[in-house]
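Take a look at the letters that make up each chain.
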Amino acid sequence: MADHTLEDALREATDTVRVEVGPRALERVESVFRECFGDSPAIVVADAVTFDVAGRTVDEQMRAAGRSVLEPYVFPAQPHAALENVELLRTALSRTEAIAVAVGSGTINDLVKRASHELDRPYLVVATAASMDGYTAFGAPITVDGFKKSLSCPAPRALVADLDVLAAAPPAMAASGYGDLLGKLTAGADWMIADALGIEAIDRRVWPFLQEPFRRALGRPASLAAGDPGAFAGLAEGLVISGLTIQMYASSRPGSGAEHLFSHLWEMEGLGVHESPPLSHGIKVGLGSVAAAALYEQLLALDLDAIDIDARVAAWPGEAEVEARVRELFPNPALVGTAVEQTLAKYVDGPALAERLRLLVQAWPTLRSELAAQLLPAAQFQQMLRDAGAPTHPGEVGLSMAQLQDTYTRAQMIRSRYTVLDLAVETGTLDACVDRLFAPDGFWGAQA
Ligand SMILES: [Zn+2]
């Protein structure tokens, strides 16, 4: 019997009490709502596309059951997960006492999650695609003044995911969900580093859920691309469990590391936002995961336990120098302020760096083999994504090799969370690793 199942995760979760995943689950939205919220009035929140896909059905079904249901709140097609939209929705919801039923995927869920929280109300989400793990996650990635931020807010009280609806969504959506889930392997590796260096301890209650359940869910990419219902169920379960681990930990750390920084930077700089549909979160995370795995391969080949600590401390830049470098690499005025703030928030001075590197020297022999066991070769990451029908090459998403190369340096600067990128910066190995990756015979250079 599999352990650390969805039911186990739900027992540990703090916000979500009910998850209904299965064929024809749409028919059970009203009964799940009643279980969670009794006779409360409801309001469906969707966008023009998701209202047609499932929102209208949910709205009609709840009305037919005799529930008080307000006029649905329908955003125009493809709204952005931006603060302006949270404010619009919060204002509309504040005129009622109704519990929101979010019908959609990433953006709709994030908008409803944050707006409901600001009104101190729970909500229910009906998933329309297996495209990311945010349904059951704590927090919402929202763009505030052009910068992608992870805003705190509880996860939904309940989730309904109809496997027939998920399987009927465009194939790129499942490929996106697969990419988001693949990123959990590098995110987990980043947490192992932060734990070993005394920066952020691994939560041993959460950790087992990040292992076997994800490997199980990632095991059949080709079946997923072929539309196999069993593979869809596995992906949906993996994504729901991932969200629940973020909920248990009340931070995205269990599911978001360097691969998400790549994705968020690309998104903030507009990569694919004007495509129709816009380039999805999980597609960028998938590519970011390949990039992070390739960096790991380089680092794991190094004897970091032989590092010259005194030389590293002597070469270590001061805060003013670090800030100047961020300003040089972020000419965009919308991004530079927060990038400086986030980078300096994790800056350590020379003595603290020396202490950290001493920890690394001790930990490296064990950590290195544990990281190797956690990860897979970057080429295998790429193959799994390809089998799932996801882009695996920067050119497929409109990114040049030079832009990808720059991202290795710049992604480290957009969030204070400690990842493999920080390890590479602090050991002074980032530039050499990246040069090797983009050399003519390097992992990326050979694909140019
Ligand atoms: Zn994600």
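This is a predicted model, so every value here is computed, not measured.

Let us now look at the nonpolar core. Counting residues in hydrophobic clusters, the biggest one holds 132 residues, and the most contacted among them are Leu-404, Tyr-408 and Trp-444. Here the element with the most residues in this core is helix H12 (residues 281-300); it accounts for 11 residues. Lining this core are residues from two domains, each supplying at least three of them: domain 1 (6-169) and domain 2 (172-447). Apart from residues lying up to four places away in sequence, Tyr-408 is in contact with Phe-262, Ala-291, Ala-294, Leu-295, Leu-421, Leu-430, Val-434, Leu-437, Phe-438 and Trp-444. Membership of the second largest hydrophobic core comes to 23 residues, among which are Ala-25, Leu-26, Val-101 and Ala-158.

Moving on to the coordination of the zinc ion. Here the zinc ion is held by Asp-180 (OD), His-260 (NE2) and His-281 (NE2), and the distances to it run 2.1 to 2.2 Å. Sequence spacing of the donors to the zinc ion: D-x79-H-x20-H. One end of the pair, Asp-180, is in helix H7 (residues 171-196); the other, His-260, is in helix H11 (residues 258-268), with 80 residues separating them in the sequence. Each of the two residues, Asp-180 as well as His-260, counts as buried.

This part covers H11. Of all 11 residues that make up H11, 10 are buried, and the element is covered over most of its length. Those residues of H11 not exposed but buried are Ala-258, Glu-259, His-260, Leu-261, Phe-262, Ser-263, His-264, Leu-265, Trp-266 and Met-268. Of the surrounding elements, those touching the buried residues of H11 are strand S7 (147-151), H7, H12, helix H15 (333-345), helix H18 (401-410) and helix H19 (420-426). Of the residues trailing H11, Gly-270 is marked for its positive phi of about 90°.

Calculation notes
Residues numbered from 1 in each chain as written. Predicted model: local features only at pLDDT ≥ 70, side-chain atom pairs only at ≥ 80, totals over all residues. Heavy atoms only, no water. Core = buried A, V, L, I, M, F, W, Y, C linked by side-chain atoms within 4.5 Å. Buried < 20%, exposed > 50% of the residue type's maximum accessible area, 1.4 Å probe, protein only. Helix = DSSP H or I, 4+ residues; strand = E, 2+ residues; numbered from the N terminus. Domains from an automatic or database assignment. Contact = heavy atoms within 4.5 Å. Donors = N, O, S within 2.8 Å, 3.2 Å for Na, K, Ca; no water.

Purely geometric numbers; function is a separate question.
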